[in-house]
Structures are given as C-alpha cells and as structure tokens.
Amino acid sequence: MSAGAYTPAPGAAPLPRMIAAQAALETKMLLRNGEQLLLTVVIPTLLLVLFSSVDIVDTGSGKAVDFLTPGILALAVMSTAFTGQAIATGFERRYGVLKRLGASPLPRWALMTAKTLSVLVTEVLQVALLVAIAFGLGWSPHGNPVAVLLLLVLGTAAFSGLGLLMAGTLKAEATLAAANLVFLLLLVGGGVIVPLDKFPDAAQSVLGLLPISALSDGLRDVLQHGAGMPWADLGILAVWAVVGLGAAGRFFRWE
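Residues numbered from 1 in each chain as written. Predicted model: local features only at pLDDT ≥ 70, side-chain atom pairs only at ≥ 80, totals over all residues. Heavy atoms only, no water.

Counted at 1.5 Å a residue, the expected span for helix 5 (residues 108-136) with its 29 residues is 42 Å, and the 43 Å between its end C-alpha atoms agrees. Packing partners of the buried residues in helix 5 comprise helix 1 (15-32), helix 2 (34-53), helix 3 (64-94), helix 4 (97-102) and helix 6 (145-169). At the C-terminal side of helix 5, G138 shows a positive phi close to 100 degrees. (Helix = DSSP H or I, 4+ residues; strand = E, 2+ residues; numbered from the N terminus. Expected span 1.5 Å × (residues − 1). Contact = heavy atoms within 4.5 Å.)

Here's what the structure looks like:
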C-alpha cells in the first residue's frame, strides 16, 4: 500500500456538481412542501378542469379548453417562478439560510442558478401534467413549439427576477402577503381565465403590458390560433426579464 493512499484531500467539489446538488435539494424541498404543491399543481389543475367543464366564463367561440390551457400554462409559470420562489426565498432569507449558504464554497450566483434550475424542473413537471389533462379534456393545440418554448423561458426569467426582487427586499411576512395578493390579482386581471377584451379599453392597454398578460396572450396566439412568432409579447417579457433580474441583482439583500 502506497503512503498517503488514504490522505484526505479537502476542498470544494467541482462547481457544476455543487450547482446540480443544490438544484436537486431545492427541487426535493419544493415537491415535499404541501403549500407549494397546492400553489403550483393543485390550483392550476383545478382551474383548468373546472372552467373547461363548466360554462362559467365566456371564452368566445370554440372549445373552452382551447382558450384556457395557454392561460393556465402561464399561471403555472407564474406560480412557480414568482409566487412560490418569492415566498420560499423570503423565508430562507429571514431564517439566515441564505446567509449561511452564501458563506459556503457555493458562490452566490451559483446558488441563484441552482434555484433557477429547480424552478425549470418544476415547470417541466407542471407543463407535462397540465398538457396531459388538457388533452384528456379535448385540447387541440396548434402553432410553432419553438415559439412556445421561447415564451415559457422568457416568462420564467421575467417572473423569477420579480420574485427574487420581492424576496430580497421585503420582510418574509410582507413577501408572503404581497406574493399571494399579486398572484390573485394577476389571475383575475391577466387574461388567464377572463379574456382581456372583457375589460374596459383603458384597462386593456395597461393590463396588456403585464408579464402574465404577455405570456398568456402569446401562448394563446400560438397554441389556439396557430400564429407565428409573437414578437410583441416576447418583447414585453424580455423587458420585464431584464428589469426584474437586473433589479434583483442590484438590490437583493442576503440578510
């Protein structure tokens, strides 16, 4: 046996392995949290099934599920990237978890990268579940899948930036209240279930600039109407993503 064969070699693991391990931990914690599952899985699923099966809201001509599915997909992105992430990160900040992780070999930017990867994994599971349910309800999608992917990615970036900005600047209790309030307001006024053309003209021009409206309308144009690349909606989401992520990076407080 050679000398030093069992000599410890202390040091940080490779950065990609650390990010992957942290992302896996973040995902497991999210999937084990009943409140998070209610927000990210149960509520979007119930809304899709209920409003597709019962004629409560006038969704225009065609099947209700064709109108509702793109909006529910947008809601799923918002619930995970914005509401769920803001609340979880806000309480991690309050309890000092972020401060301790920030002192570990994992760089702070890598921690945020791991959180983003966890959001993306959760969204993949959400989209797969909602798409399967929508097909069971008779959904008939159209359009370019590349456009759908771009909308989902930019929507995730926009909502993630806003969620981290809220979690990094407000107290945990304020984040909890504000994130849930914003979720409810955007659910009603973001074109998810109620078409924007049901609102007054003055309100439509403002609501159309919200990230949830851009995401739901863009997905609806592509998946329901078979439109090409929705450049206007992609542009709105890109602006929100740049502003949100830039502000989060600038003002996020770790303590």
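Having seen it, we continue.
Turning our eyes to something else, we now look at the side chain of D233. Turning to its location among the elements, D233 is positioned in helix 10 (residues 231-251). Although D233 is buried, it makes no salt bridge; R220 carries the closest opposite charge, 9.2 Å away. (Buried < 20%, exposed > 50% of the residue type's maximum accessible area, 1.4 Å probe, protein only. Lys, Arg positive; Asp, Glu negative; His and termini not counted. Salt bridge = Lys/Arg side-chain N within 4 Å of Asp/Glu carboxyl O.)

Quick look at the packing of aromatic side chains now. For the structure on display, the rule yields three aromatic pairs. Their ring planes at 40 degrees and their centres at 6.0 Å tell us that F91 and Y95 sit as a pair that is tilted. On the accessibility criterion, Y95 (54% relative accessible area) is exposed. Between F135 and W139 the ring centres are 5.3 Å apart and the planes differ by 45 degrees, which places this aromatic pair in the tilted class. Judged by its relative accessible area of 46%, F135 falls in the partly exposed class. Accessibility expressed as a relative area gives 7% for W139, which makes it buried. Taking NZ or CZ as reference, R220 lies 3.8 Å from the ring centre of F67, over its face. (Phe/Tyr/Trp six-rings, centres within 6.5 Å; stacked < 30°, edge-to-face > 60°. Lys NZ or Arg CZ within 6 Å of the ring centre and 35° of its normal.)

With that settled, consider the pattern of salt bridges. What the rule picks out here adds up to four salt bridges. E92 is the partner of K115 in a salt bridge, and the nearest nitrogen-oxygen pair spans 2.6 Å. Taken together, the positions of K115 in helix 5 and E92 in helix 3 put the pair 23 residues apart, joining distant regions of the chain. E92 matches K115 in its accessibility class, with the two residues each being buried. Between E173 and R94 there is a salt bridge whose closest N-O contact spans 2.4 Å. Highlighted residues: E173 in helix 7 (residues 172-189) and R94 in helix 3, separated in sequence by 79 residues. Overall, E173 belongs to the partly exposed group, its relative accessible area being 42%. Residue R94 is classed as partly exposed on the basis of its relative accessible area, which comes to 47%.

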